[in-house]
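Structural overview for review
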Amino acid sequence: MAETLTQADKTSKQASGRREPWNEGSMQPQQSQPPVAEGTVARTIEQQTVQIPSDWFLWAAGASIVGSLVLHCSDRKEDGVFVGQWAPTLLILGLYNKMVKLHGSDGNHLNQR
C-alpha cells in the first residue's frame, strides 16, 4: 500500500529543498553506491591527456569548422560534412580534459596527491 504524506510533511520537505532519490517503481529510497576507483588504463590515459593544454581542443574544433567550410565551398560537400562533425567531438574531449585537470579522475585521486 502506498504511503501518503500529510500536508505538513509536504511543506517541510519543500521548505528544506531536499529530495530523496527513489528507485523506479517502488516507494523505497535508493541506496547510495560506494565510489568506484578508476582502473590503471583510465588513470594512465588521463595522466597523458592532462598534459595537453585545453585550448588546443578549442583550436582544433575551430580548424575543423574552417576546414569544413573550405571543403563545402570547393564542391566537396560530403567531405565537408565529415570534417565538420569532428568539432563537437573535439569540444567534448576538451571539456573532459578540463574536468580531469580540475577534479581528477575520481574522488580518491585528489586525496593521493
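Here the structure is a predicted model, which is why all the values come from computation and not from measurement. (Residues numbered from 1 in each chain as written. Predicted model: local features only at pLDDT ≥ 70, side-chain atom pairs only at ≥ 80, totals over all residues. Heavy atoms only, no water.)

Regarding the overall build of the protein chain
A tally of helices and strands in the protein chain yields 6 helices and 0 strands. The order of α-helices and β-strands along the protein chain, N terminus first, is α-α-α-α-α-α. Put simply, the protein chain has 113 residues, and 15% of those count as buried. The contacts in the protein chain between residues at least 6 apart in sequence include a share of 55% that link residues at least 24 apart. Carbon and sulfur atoms make up 61% of the accessible area of the protein chain, which amounts to about 9500 Å² in all. (Helix = DSSP H or I, 4+ residues; strand = E, 2+ residues; numbered from the N terminus. Buried < 20%, exposed > 50% of the residue type's maximum accessible area, 1.4 Å probe, protein only. Contact = heavy atoms within 4.5 Å. Areas by Shrake-Rupley, 256 points an atom, 1.4 Å probe, with all protein chains shown as cover.)

Comments concerning the pattern of salt bridges
Summed over all chains, the structure comprises 1 salt bridge. Here Asp-79 makes a salt bridge to Arg-76, at a shortest N to O gap of 3.0 Å. Look at Asp-79 and you get partly exposed, because its relative accessible area is 35%. Given a relative accessible area of 44%, Arg-76 falls into the partly exposed group. (Salt bridge = Lys/Arg side-chain N within 4 Å of Asp/Glu carboxyl O.)

As for the packing of aromatic side chains
For any two aromatic rings, the description comes down to two numbers: the centre-to-centre distance and the angle of the planes. Under the counting rule described, the total for this entry stands at 1 aromatic pair. Measuring from ring centre to ring centre gives 5.5 Å for Phe-82 and Trp-86, while their planes differ by 75°; the resulting arrangement is edge-to-face. (Phe/Tyr/Trp six-rings, centres within 6.5 Å; stacked < 30°, edge-to-face > 60°.)

Details of helix 5 (residues 86-103)
Between its first and last C-alpha, helix 5 extends 26 Å over 18 residues, near the 26 Å set by a 1.5 Å rise per residue. Every buried residue belonging to helix 5 is among Ala-87, Gly-94, Asn-97 and Val-100, and all of these are buried. Buried residues of helix 5 fall within an arc of 150° about the axis and therefore sit on the same side. Summarising the geometry of helix 5, the exposed residues directed more than 90 degrees from the buried face are Ile-92, Leu-95 and Leu-102. Here the buried face of helix 5 lies against helix 2 (40-49), helix 3 (54-73) and helix 4 (77-84). Where helix 5 terminates, the next one or two residues include Gly-104, which has phi positive at roughly 80°. (Expected span 1.5 Å × (residues − 1). Arc of directions from axis to C-beta.)

Some words on the environment of Pro-88
Here Pro-88 lies in helix 5. When the C-alpha positions of Pro-88 and Ser-64 are compared, they lie 9.6 Å apart, and in sequence the two are 24 residues distant.

Thoughts on the packing of helix 3 against helix 4
Helix 4 packs onto helix 3 with a crossing angle of 175° between their chain directions and a minimal axis gap of 7 Å. With respect to each other, helix 3 and helix 4 are oriented roughly antiparallel. Packed against helix 3, whose contacting residues are Ser-64, Gly-67, Ser-68, Leu-71 and His-72, the element helix 4 presents Lys-77, Asp-79, Gly-80, Val-81, Val-83 and Gly-84 at the interface. Here the residues of the contact of helix 3 with helix 4 sort into 3 nonpolar, 6 polar and 2 charged. (Axes fitted to C-alpha atoms, helices over the stretch in contact; angles between N-to-C directions. Parallel < 35°, antiparallel > 145°, perpendicular 65-115°, else oblique. Nonpolar A, V, L, I, M, F, W, Y, C, P; charged D, E, K, R; others polar.)

Things to note about the side chain of Ser-68
Note that Ser-68 resides in helix 3. A polar side-chain atom of Ser-68 sits 2.7 Å from the main-chain carbonyl oxygen of Gly-80. Those residues within four positions of Ser-68 in sequence are excluded, and the remaining contacts are Gly-80, Val-81, Val-83 and Gly-84. (Polar contact = N/O pair within 3.5 Å; in protein donor to acceptor, adjacent residues only side chain to side chain.)

Fair warning: the whole summary comes from geometry, so function is off the table for now.
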